[in-house]
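Structural features, examined
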Amino acid sequence: MKRLMYGVVVPALVTLAVAGLWWVLSASSTSLFFPPLRDILSAFATNWLSADFASMVLPSLWRVGLGMLIGIVAGVGVGAAIGSVRRAEPYVKPQLEFMRALPPILILPPMILVLGTGDGMKIGVIAASAVWPILLATVDGVRSLEPVRDDMGRVFGLPWRARFRWMILPTAVPHIWSGVRAALPIAFVVMVASEYYSSVNGIGYFVSQTSTSFRLADMWSAVVLLGLIGVVLNTLVAVAGRRLDKKFGENAHD
Amino acid sequence: MTETAGLSRTSPSSPDKDDRVAILEVDGLRKSYGSELVLEDITLRIFEGELVSIVGPSGCGKTTMLRCLSGLLPHEGGTVRIAGEEVTGPPDTLGLVFQDYSRSLLPWLSVADNVRLPLRYKPISKKEAEERTAEALESVGLAAHTRKKPWQLSGGMQQRVAIARALAYHPRLLLMDEPFASVDAQTRVELEDLTLRLWAERDMTIAFVTHDIDEAIYLGGRIVVLTRTPTTIREVMPVDLPRPRDQIATKALDEFGRLRASVFTALGHHQ
């Protein structure tokens, strides 16, 4: 009861109140830059609750999804390899930290030069930005296996696949998933930016087109849409994380 | 509450003169970390059916020695044989009970699955694995808790799970590495008697590492006393205490007090 109250009811009411405040305060706005919420919502309905959704939003989601997938596969694979070879750390850690510290937007211009302006470039940049937090989290996750546990596995003759399944994976999954959660917003930023630079569709392209042609209600409607998609995806990732943890993590059932 | 333990055994008092089978054979074992010599020329025999206590001052190379004996750590000099096979990696004839039960057990597996896990990768049938698991848990008194997760049990019960896992593995040699160092005194007494009972019932060969002198004497048929690093064997003492042993009666014997003084002295303490 209390959980329902503070988990659902209170946040919903507060959100409604904020939206209501926005509605009232902006109702009589004549500013070109801050149109009334009414106009933004009607633009939202026209732009996104229509067939345009498929042509503008799906390409963006597809790029984020594929980029994240590549980032996860590469990050977990390479991270697990680096994590299990303890001696590799001093050789690769500084480079990894350097790559992670690079602002992802910064690698856009060189990637455009190398990969062109198509989907390959966008997906590549998204993957290249999302991979670092996942990779580093995986290294930590694999590393966090207790030495005693490793000894136990070896003494009792567990083959490496058993040690991976029953000892490394359960320890690493929560770490890996926190890396995925950190990577998702980065992937989003890079998706919008790469579409903003050069594209023929996608949310970033839409924002760029509408803002440069002063269709600001349309532009704001895309911003609202981005926020909503972000909330939905973050929730999905959190739910998936709990599922994974249930399957492989501390509370797994077998 | 003390149960009578070690029902039908007599302790072998002169280990070298007969034709008993040596389960653990260590000859000239050496190990160093960098330039620091940790183990120096350790030579030791443990025969089939023996329960040998190994004591050493804290900070001596006990852990290193155990890791070398179990094949977890490569040694530099000498040889280690378990059940006749030279140790180059952990042999499948060896079972180990770690001090740190909460980490050596997997919290995401049930008690029964923890015990069964090593058996899944042994060349035995599923049915036999089931039977061994049930039997081992029964013999440590945990038949009623097989579906629980280890963290739902007390420390003493968790260590029983770890013991059951080693029993079900049917090792020729069971190494116990300060197994009761992190449980309370009452539980410790119970686990000591459990160890004696299992050893007697199952004809086991056990090397029991401890830093507790009373525990070493109470359990052991012989006591191996180690020196400080670089660690070597200072003395091997036969324990001529009658079995079955009893927590009160055995510890009240004059011989127990005499042994305690000798081990104490051998460890380098002065009274």
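Residues numbered from 1 in each chain as written. Chains lettered and ligands numbered in written order. Predicted model: local features only at pLDDT ≥ 70, side-chain atom pairs only at ≥ 80, totals over all residues. Heavy atoms only, no water.

Attention now goes to helix α1 (residues 2-26) of chain A. In this model, α1(A) (25 residues) spans 35 Å end to end at C-alpha, consistent with the 36 Å of a helix rising 1.5 Å per residue. The largest bend in α1(A) amounts to roughly 30° and is located at Val9(A), with the proline Pro11(A) lying one to four residues further along. (Helix = DSSP H or I, 4+ residues; strand = E, 2+ residues; numbered from the N terminus. Expected span 1.5 Å × (residues − 1). Bend = angle between axes of the 7 residues up to and from the residue.)

Let's shift gears to unusual backbone geometry. For residues other than glycine, phi is negative in most cases, and the peptide bonds are mostly trans. Here the bond from Thr229(B) into Pro230(B) is cis, since omega is -5°, no more than 30 degrees from zero. Its location among the elements puts Pro230(B) in the loop between β9 (222-226) and β10 (233-238). Look at the link from Arg243(B) to Pro244(B): it is a cis peptide, with omega at 0°. Along the polypeptide, Pro244(B) turns up in the loop between β10 and α8 (249-252). Here the phi dihedral of Phe214(A) falls at roughly 60°; this positive angle occurs in a residue that is not glycine. Checked against the element boundaries, Phe214(A) lands in the loop between α9 (203-212) and α10 (216-248).

What follows deals with a nonpolar patch on the surface. Residue and element names in this part refer to chain A. Together, Met1, Leu4, Met5, Tyr6, Val8, Val9, Leu13 and Leu16 line one region of the surface with nonpolar side chains, adding up to about 890 Å² of accessible area. Relative to the helices and strands, Met1 is located in the segment before α1. You can call Met1 exposed: its relative accessible area is 82%. (Patch = residues over 30% accessible without salt bridge, like charges linked within 9 Å, V, L, I, M, F, W, Y side chains within 5 Å. Areas by Shrake-Rupley, 256 points an atom, 1.4 Å probe, with all protein chains shown as cover. Salt bridge = Lys/Arg side-chain N within 4 Å of Asp/Glu carboxyl O. Buried < 20%, exposed > 50% of the residue type's maximum accessible area, 1.4 Å probe, protein only.)

Taken residue by residue, the interface counts 28 residues in chain B and 23 residues in chain A. Summed over both sides, the interface between chain B and chain A buries roughly 2300 Å², with carbon and sulfur atoms accounting for 61% of that surface. The largest contributions to the chain B side of the interface with chain A come from Arg103(B), Trp108(B) and Tyr121(B), which together make up 33% of the buried area. At the boundary of chain B and chain A, one finds two salt bridges. In this structure, Asp151(A) and Arg67(B) form a salt bridge, with 2.4 Å as the shortest nitrogen-oxygen distance. There are nine residue pairs in polar contact (both at pLDDT 80 or more) connecting chain B and chain A. Split into classes, the residues belonging to the side of chain B that touches chain A amount to 17 nonpolar, four polar and seven charged. (Contact = heavy atoms within 4.5 Å. Buried area = accessible area lost by both parts, 1.4 Å probe. Polar contact = N/O pair within 3.5 Å; in protein donor to acceptor, adjacent residues only side chain to side chain. Nonpolar A, V, L, I, M, F, W, Y, C, P; charged D, E, K, R; others polar.)

Moving on: the UniProt feature "domain: ABC transporter" (unreviewed entry) in chain B. As recorded in UniProt, the sites labelled "domain: ABC transporter" (unreviewed entry) are residues 24-253 of chain B. With 33% helix and 26% strand, the stretch residues 24-253 of chain B has end C-alpha atoms that lie 31 Å from each other. (UniProt positions renumbered as here; feature names shortened; annotations may be inferred.)

The subject of this paragraph is the nonpolar core. Within soluble globular proteins, side chains that are nonpolar generally end up buried alongside one another. All names here are of chain B. Judged by nonpolar contacts, the single largest core of 99 residues is most densely connected at Leu24, Ile163, Ile217 and Val263. The biggest single contributor to this core is helix α5 (residues 155-168), with seven residues. Residues lining this core come from more than one domain, with at least three contributed by each of domain 1 (1-7 + 20-93 + 172-271) and domain 2 (106-170). Aside from chain neighbours lying at most four places away, what touches Val263 is Val55, Ile213, Ile217, Ile223, Val225 and Met237. (Core = buried A, V, L, I, M, F, W, Y, C linked by side-chain atoms within 4.5 Å. Domains from an automatic or database assignment.)

Attention shifts here to the pairing of strand β3 (residues 51-55) of chain B. Strand residues, when the strand is regular, have side chains that alternate between the two faces of the sheet. Residue and element names in this part refer to chain B. Counted residue by residue, β3 has five buried out of five residues, so it is predominantly covered. Because side chains alternate across β3, one face comprises the buried residues Leu51, Ser53 and Val55, and the other comprises Val52 and Ile54, equally buried. Direction of pairing for β3 relative to strand β8 (residues 206-210): parallel, over a ladder of five bridges. The residue of β8 that forms the bridge with Ser53 is Phe208. Of the strand pairs in this sheet, β3 and β9 are connected by four bridges, and their pairing is parallel. Bridge pairing in β9 places Ile54 opposite Val224. (Pairing = 2+ DSSP bridges.)

All names here are of chain A. Mapped onto this structure's residue numbering, the UniProt feature "transmembrane region" (unreviewed entry) falls at residues 61-85, 97-117, 123-145, 166-193 and 219-240. The span residues 97-117 carries 62% helix and 0% strand; its end-to-end C-alpha distance comes to 28 Å. Annotation note: span residues 219-240, helix share 100%, strand share 0%, distance between end C-alpha atoms 32 Å.

Attention now goes to the sheet that holds β10(B). Residue and element names in this part refer to chain B. Across the sheet, six strands lie side by side as β6-β7-β8-β3-β9-β10; this open sheet has mixed pairing. Only two strands of the sheet have a single neighbouring strand rather than two, namely β6 (94-97) and β10. Within the sheet, the average angular offset between the axes of one strand and its neighbour, ignoring direction, is 20°. In the sheet, β9 pairs with β10 via five bridges, with the strands oriented antiparallel. Bridging across to β10, Arg222 finds its partner in Pro238. On the sheet, α5 packs against β6 and β7 (173-177) and is oriented at approximately 180° with respect to β6. Where helix α9 (residues 254-266) meets the sheet, it contacts β3, β9 and β10, and its direction lies at approximately 170° from that of β10. (Axes fitted to C-alpha atoms, helices over the stretch in contact; angles between N-to-C directions.)

This next bit is on the domain arrangement of chain B. Residues and elements named next belong to chain B. For chain B, the domain assignment lists domain 1 (1-7 + 20-93 + 172-271) and domain 2 (106-170). The C-alpha-based centres of domain 1 and domain 2 are spaced at 24 Å. Contacts between domain 1 and domain 2 engage 15 residues on the former and 14 residues on the latter. The junction of domain 1 with domain 2 conceals about 1100 Å² of combined surface from both sides, 62% of it contributed by carbon and sulfur atoms. Ranking the residues of domain 1 by area buried against domain 2 places Asp92, Leu194 and Arg202 at the top, with a combined share of 37%. Scanning the region where domain 1 abuts domain 2 turns up two salt bridges.

Residues and elements named next belong to chain B. Taken in spatial order, the four strands line up as β2-β1-β4-β5 in an open sheet, and their pairing is antiparallel. The two strands at the open ends of the sheet, each matched to only one other strand, are β2 (36-47) and β5 (85-86). The pairing of strand β1 (residues 22-33) with β2 spans eight bridges and is classified as antiparallel. Bridge pairing in β2 links Leu29 to Ile42. Contacting β1, β2 and β4 (77-82), helix α1 (residues 62-69) runs over the sheet at an angle of about 125° to β1.

Right, let's get into the packing of helix α8 (residues 160-197) of chain A against α10(A). All names here are of chain A. Two elements in contact, α8 and α10, have axes separated by 10 Å at closest approach and are oriented at 175°. Here α8 is positioned roughly antiparallel relative to α10, judged by the angle of their axes. The residue inventory of the contact of α8 with α10, partitioned by class, reads 18 nonpolar, three polar and four charged. (Parallel < 35°, antiparallel > 145°, perpendicular 65-115°, else oblique.)

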